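Chain by chain, the residues:
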Amino acid sequence: MSTPTSNSTTKPASSDNTLPWVEKYRPSELKDVVGNHETVDRLNVISLSGNMPNLILAGAPGIGKTTSILCLAHSLLGSAYREAVLELNASDDRGIEVVRNKIKMFAQKKVNLPAGRHKIIILDEADSMTPGAQQALRRTMEIYSNTTRFALACNLSGKIIEPIQSRCAILRYGKLQSDQVLHRLVEICRAENVEYTPEGLEAIAFSADGDMRQAVNNLQSTASGFGLVTPANVYRVCDQPHPVVIRKMLGSCAKGDVDEAVACISLLWTQGYSAVDIITSVFRVVKIYDDLDEDKKLKFIREIGITHMRIVDGLQTLVQLQGLAARLSKFALPAESFRV
């Protein structure tokens, strides 16, 4: 068991041992936010100028959208943060009545702020707001633009109505790289004295697929449940199809051994994994599978994509997955084998 080196250590945001690690180690300053450096740099510029525009932060879950805007709010408002920030998340009702009452009342509230600063309203999962609520929000943004700024975090910016999009600067976040997730996991392991193997942390990063929140939660679950972070323990906690079985299936397909490939798929199916879980893991593994040449990998990805589309459309059966294994195996056999 070895420990990778790191140039920095993570300081927990709180010494409360009852806090989930995802909250305990949530960054409080923009410089501590992991990944998406260009987007975070734009927020740093806003922090220095002090004039925050209305913002839309779009990207996948768990990559730092809400954390970034909270860090920006702390930087802009300082000690006035508690009184000058209203945060509404997905658990709150964000219908038209909330916009007309709660949000409007906050926008009207008088707060002592540093010169040139504004109150900030943070709407998490803004793309789940009803169209009526978004129309009401547009009007509120216009009326109180002198005193209040809005930050809307969402997964898909296309679900925000055009009038709101035109009033906001849109910042797009991409998924985090595996090395960025690994670096953060190592820091947390050191701070919490967690025993781990490098392969165990790599398994967490693989299963999280760029989602830092999921990675930290999986790390805490594995550490508290088993005391040691290894690939076997990680996949028992994450409950995802094991990449070793999928690699074996892909290797069988590359050799044209359809019987072995179908057996691997059937094994995962009998373990209770859904067709969506299996096809998603197959796609993740094939992207990093080095034993395929470029041409064959592209063909594999095309067939996996077609099967994924069928599964999402409702054809979530074992036959679809076995058919995929057969089609992938076909690429390894000479064309003469299929002539009538």
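Residues numbered from 1 in each chain as written. Predicted model: local features only at pLDDT ≥ 70, side-chain atom pairs only at ≥ 80, totals over all residues. Heavy atoms only, no water.

Draft legend 1. Layout of the overall build of the protein. Along the protein, the regular secondary structure elements total 16 helices and seven strands. In terms of overall dimensions, the protein has C-alpha extents of about 80 × 50 × 30 Å along its principal axes. Every one of the 340 residues in the protein was classed for burial, and the buried ones make up 46%. Contacts spanning at least 24 positions in sequence make up 73% of the contacts within the protein whose residues lie at least 6 apart. (Helix = DSSP H or I, 4+ residues; strand = E, 2+ residues; numbered from the N terminus. Buried < 20%, exposed > 50% of the residue type's maximum accessible area, 1.4 Å probe, protein only. Contact = heavy atoms within 4.5 Å.)

Draft legend 2. Main features of the side chain of Thr 230. On the secondary structure map, Thr 230 appears in the loop between β7 (228-229) and α11 (231-238). Residues contacting Thr 230, with those up to four places away along its chain left out, are Thr 197 and Gly 200.

Draft legend 3. Summary view of helix α13 (residues 258-270). Its 13 residues give α13 an end-to-end C-alpha distance of 18 Å, which sits within 8% of 18 Å, the value for a rise of 1.5 Å per residue. Burial in α13 covers these residues: Ala 261, Cys 264, Ile 265, Ser 266 and Leu 268. Those residues of α13 that are buried lie in contact with α12 (243-255), α14 (275-287) and α16 (318-330). Taken from the residues just after α13, Gly 272 is the one with a positive phi, measuring 100°. (Expected span 1.5 Å × (residues − 1).)

Draft legend 4. Structural view of the sheet that holds strand β1 (residues 55-58). Ordered by their spatial adjacency, five strands build an open sheet running β2-β3-β4-β1-β5, and the pairing between neighbours is parallel. A strand with exactly one partner marks an edge of an open sheet, and here the two such strands are β2 (85-88) and β5 (169-172). Looking at each pair of strands side by side, their axes are set apart by 15° on average, direction ignored. Of the pairings in the sheet, the one linking β1 to β5 comprises four bridges and is parallel in character. Paired with Ile 56 across the strands is Ile 170, a residue of β5. Against the sheet, helix α2 (residues 37-49) makes contact with β1 and β5, and its axis sits at roughly 140° relative to β5, the strand it touches most. (Pairing = 2+ DSSP bridges. Axes fitted to C-alpha atoms, helices over the stretch in contact; angles between N-to-C directions.)

Draft legend 5. The arrangement of the pairing of β1 in detail. Every second residue of β1 is oriented toward a common face, with Leu 55 and Leu 57 on one face and Ile 56 and Ala 58 on the other, all of them buried. Of the pairings in the sheet, the one linking β1 to strand β4 (residues 148-154) comprises four bridges and is parallel in character. The residue bridging Leu 55 from the neighbouring strand is Ala 151, located in β4.

Draft legend 6. Summary view of the packing of α14 against helix α15 (residues 294-312). At their nearest, the axes of α14 and α15 sit 10 Å apart, and the two run at 160° to each other. When the interaxial angle is binned, α14 and α15 end up roughly antiparallel. Helix-helix and strand crossings are classified by hand; for α14 and α15 the assignment is left-handed. Along the contact surface, α14 presents Ala 275, Val 276, Ile 279, Thr 280, Val 282, Phe 283, Val 286 and Lys 287, while α15 presents Lys 297, Phe 300, Ile 301, Ile 304, Thr 307, His 308 and Ile 311. For the contact of α14 with α15, the residue count by class is 10 nonpolar, three polar and two charged. (Parallel < 35°, antiparallel > 145°, perpendicular 65-115°, else oblique. Left-handed = near helix turned anticlockwise from the far one by under 90°. Nonpolar A, V, L, I, M, F, W, Y, C, P; charged D, E, K, R; others polar.)

Draft legend 7. Region of the structure containing the nonpolar core. Counting 76 residues, the largest nonpolar core has Met 52, Leu 55, Leu 72, Leu 201, Leu 219 and Leu 250 as the members making the most contacts within it. Element by element, the count of residues in this core is highest for helix α3 (residues 65-77), at seven residues. If near-sequence neighbours (up to four positions away) are discounted, Leu 55 is found in contact with Leu 43, Ile 46, Ile 69, Leu 72, Phe 150, Ala 151, Leu 152, Cys 168, Ala 169 and Leu 171. (Core = buried A, V, L, I, M, F, W, Y, C linked by side-chain atoms within 4.5 Å.)

Draft legend 8. Region of the structure containing unusual backbone geometry. Residue Glu 125 is not a glycine yet carries a positive backbone phi of 50°. Relative to the helices and strands, Glu 125 resides in the loop between β3 (119-123) and α6 (131-143). If you check the backbone angles, Asn 193 has positive phi at about 55° while not being a glycine. Mapped onto the elements of the fold, Asn 193 is located in the loop between α8 (178-192) and β6 (195-196). A relative accessible area of 70% places Asn 193 in the exposed class.

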